[in-house]
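Here's the letter readout for the chains.
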Amino acid sequence: MSTAKAYAATNATSSLALTTIPRREPIPYDVQLDILFCGICHSDLHQVRNEWSGVMPTVYPCVPGHEIVGRVTNVGSAVTKFKTGDLAAVGCMVDSDRTCSECQAGLEQFCGNATLTYNFPDRHLGGVTYGGYSESIVVDERFVLRVPSNLDLAGAAPLLCAGITTYSPMRHWGVTRGKKVGVVGLGGLGHMAVKFARALGTHVVVFTTSPNKIKDALRLGADEVVISRHADEMKKHVGSFDFILDAVSADHDITAYIELLRRDGNITLVGAPEKPLSVPAFSLIFGRRSLSGSPIGGIAETQEMLDFCGTHNITADVEVIPIQKVNEAYDRLLKSDVKYRFSIDMASLTSK
Ligand SMILES: NC(=O)c1ccc[n+]([C@@H]2O[C@H](COP(=O)([O-])OP(=O)(O)OC[C@H]3O[C@@H](n4cnc5c(N)ncnc54)[C@H](OP(=O)(O)O)[C@@H]3O)[C@@H](O)[C@H]2O)c1
Ligand SMILES: [Zn+2]
Ligand SMILES: [Zn+2]
């Protein structure tokens, strides 16, 4: 066993602070990475503050981070995909049982025995897994991804969660050229959704509560931007969308968006607010509309998404910060004040 410096929260109200965590020595299929960049996902904040206590209660100390890009420093004897010196990435999962029907179908995100990158039982060391706000990580090569060499690394890190979480439902729901697609909430996930919807050739409409994001939304690829608090602007779009991706992190009126779907249109929730949302039955019944949710994506699809980003030169728009600013970043995330993802330069963890 070795140790690594990391940033952890010790309870639901504490700031994150420097600590030391254990990491296993690589076993035959393991890849060890020095972490270069780790994105800050709003899920990190929900988890650190135990806002999902009913579904995934937080075990402290909690080291979040599942948007990891790093360099391989060591590999186990059976590893074939990576060698020392390679760039590599790790997302939201580090293991699964690999035998169930979901795993066999390449949908590890639905495996009942999947191990998430942090706050999940650690099969090797006991306790829970620790995420990417750390110097290094050791992961089975089957859960390690390749990063296209043309991508900026700080901007590539958020692809591992914000990227796959928005790419996967768009592929699943047949978002293709000519469709009208809405993106609700222009944060980390939302801005990736706009880039993908644009690259897939759709007509993209962004719904935002932040008037100061209008220009950016258009620059990122939106064809139209709607200030969602303006009822008259919303009305113009009633019954017109094929697909809407809702990436809002807090309580909001989802019915207003369901009404914007055309017949058989779908709205997919990727945002995971702390409190339940209320949905009137008739908003779905009229128009045979559907409401669904979607978690991250499988490993094969994550690699497909990274390769798609390589081809289309897509990365997140990031504000690179040192780890010492992580608590400030969380406060800003809560105010929707990030353009559009924080990416932690992990060199700051060891340099002081
Ligand atoms: N399903 C999954 O697998 C998965 C994966 C990753 C993250 N998530 C969840 O997805 C959500 C978004 O994550 P993120 O990292 O993109 O967060 P984020 O960067 O904080 O973006 C959330 C956006 O939601 C909008 N928003 C915030 N508060 C709002 C309110 N009270 N009313 C209306 N809109 C509001 C804001 O956009 P505007 O300023 O444009 O209004 C904000 O930028 C989180 O709940 C996260 O946990 C789910
Ligand atoms: Zn995430
Ligand atoms: Zn499985």
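Our subject is the structure that appears above.
Structure report, in brief.

Cut-offs used in this document
- Residues numbered from 1 in each chain as written.
- Chains lettered and ligands numbered in written order.
- Predicted model: local features only at pLDDT ≥ 70, side-chain atom pairs only at ≥ 80, totals over all residues.
- Heavy atoms only, no water.
- Core = buried A, V, L, I, M, F, W, Y, C linked by side-chain atoms within 4.5 Å.
- Buried < 20%, exposed > 50% of the residue type's maximum accessible area, 1.4 Å probe, protein only.
- Contact = heavy atoms within 4.5 Å.
- Donors = N, O, S within 2.8 Å, 3.2 Å for Na, K, Ca; no water.
- Helix = DSSP H or I, 4+ residues; strand = E, 2+ residues; numbered from the N terminus.
- Salt bridge = Lys/Arg side-chain N within 4 Å of Asp/Glu carboxyl O.
- Pairing = 2+ DSSP bridges.
- Axes fitted to C-alpha atoms, helices over the stretch in contact; angles between N-to-C directions.
- Near = heavy atom within 4 Å.
- Areas by Shrake-Rupley, 256 points an atom, 1.4 Å probe, with all protein chains shown as cover.

We now examine the nonpolar core. Formed by 92 residues in total, the largest nonpolar core has its most connected members in Ile40, Tyr133, Leu159 and Phe196. Not counting residues up to four positions away in its chain, the partners in contact with Ile40 are Glu67, Tyr133, Ile321, Val326, Ala329, Tyr330, Leu333, Arg341, Phe342 and Ile344. In terms of nonpolar packing, the next biggest core, distinct from the first, is built from 14 residues, Val205, Phe241, Val248 and Ile258 among them.

Donor atoms from the polypeptide that coordinate the zinc ion (ligand 2) comprise Cys41 (SG), His66 (NE2) and Cys161 (SG), at 2.0 to 2.3 Å from the metal. All donors of the zinc ion (ligand 2) come from a single chain, and their spacing in sequence reads C-x24-H-x94-C. Placement of the pair is Cys41 in the loop between strand E3 (30–40) and helix H1 (42–48) and Cys161 in the loop between helix H3 (153–156) and helix H4 (162–172), with a sequence separation of 120 residues. The residues Cys41 and Cys161 share a single accessibility class, namely buried.

Attention shifts here to the pattern of salt bridges. Scanning the model with the defined rule gives 19 salt bridges in all. The partner of Arg24 in a salt bridge is Asp30, with the nearest N and O atoms 2.7 Å apart. Here Arg24 matches Asp30 in class, with each residue buried. Close ionic contact of Arg332 with Glu319 constitutes a salt bridge, the shortest N to O distance being 2.9 Å. With Arg332 in helix H11 (residues 326–334) and Glu319 in strand E15 (residues 318–322), this residue pair connects regions lying 13 residues apart in the sequence. The exposure class assigned to Glu319 is partly exposed, which follows from its relative accessible area of 29%. One network of salt bridges, with partners in common, ties together Asp95, Arg98, Arg123, Asp140 and Arg142.

Attention now moves to the sheet that holds strand E12 (residues 241–246). Judged by pairing direction, the sheet is parallel, and its six strands sit side by side in the order E11-E10-E9-E12-E13-E14 without closing on themselves. The sheet is open, and its two borders are formed by strand E11 (224–227) and strand E14 (290–293), each paired with just one other strand. The average angle at which neighbouring strand axes cross in this sheet is 20°, direction not considered.

Around ligand 1, the surrounding shell holds 30 residues, and the nearest of these are His42, Thr208, Thr209, Ser210 and Arg341. Notes on ligand 1: free accessible area 930 Å², of which the protein chains cover 89%. Mapped by element, the contributors of at least two residues to the shell around ligand 1 are H1 and helix H5 (188–199). Looking at which element gives the most residues to the shell around ligand 1, the answer is H1, with three residues.

Mapped onto the elements of the fold, Ser278 is located in the loop between strand E13 (261–269) and helix H9 (281–285). Separated by 26 residues in sequence, Ser278 and His252 have C-alpha atoms that sit 9.1 Å apart. Once residues within four sequence positions are removed from consideration, Ser278 is found in contact with Ile254 and Thr255.

Function cannot be read off these values alone, since they describe shape.
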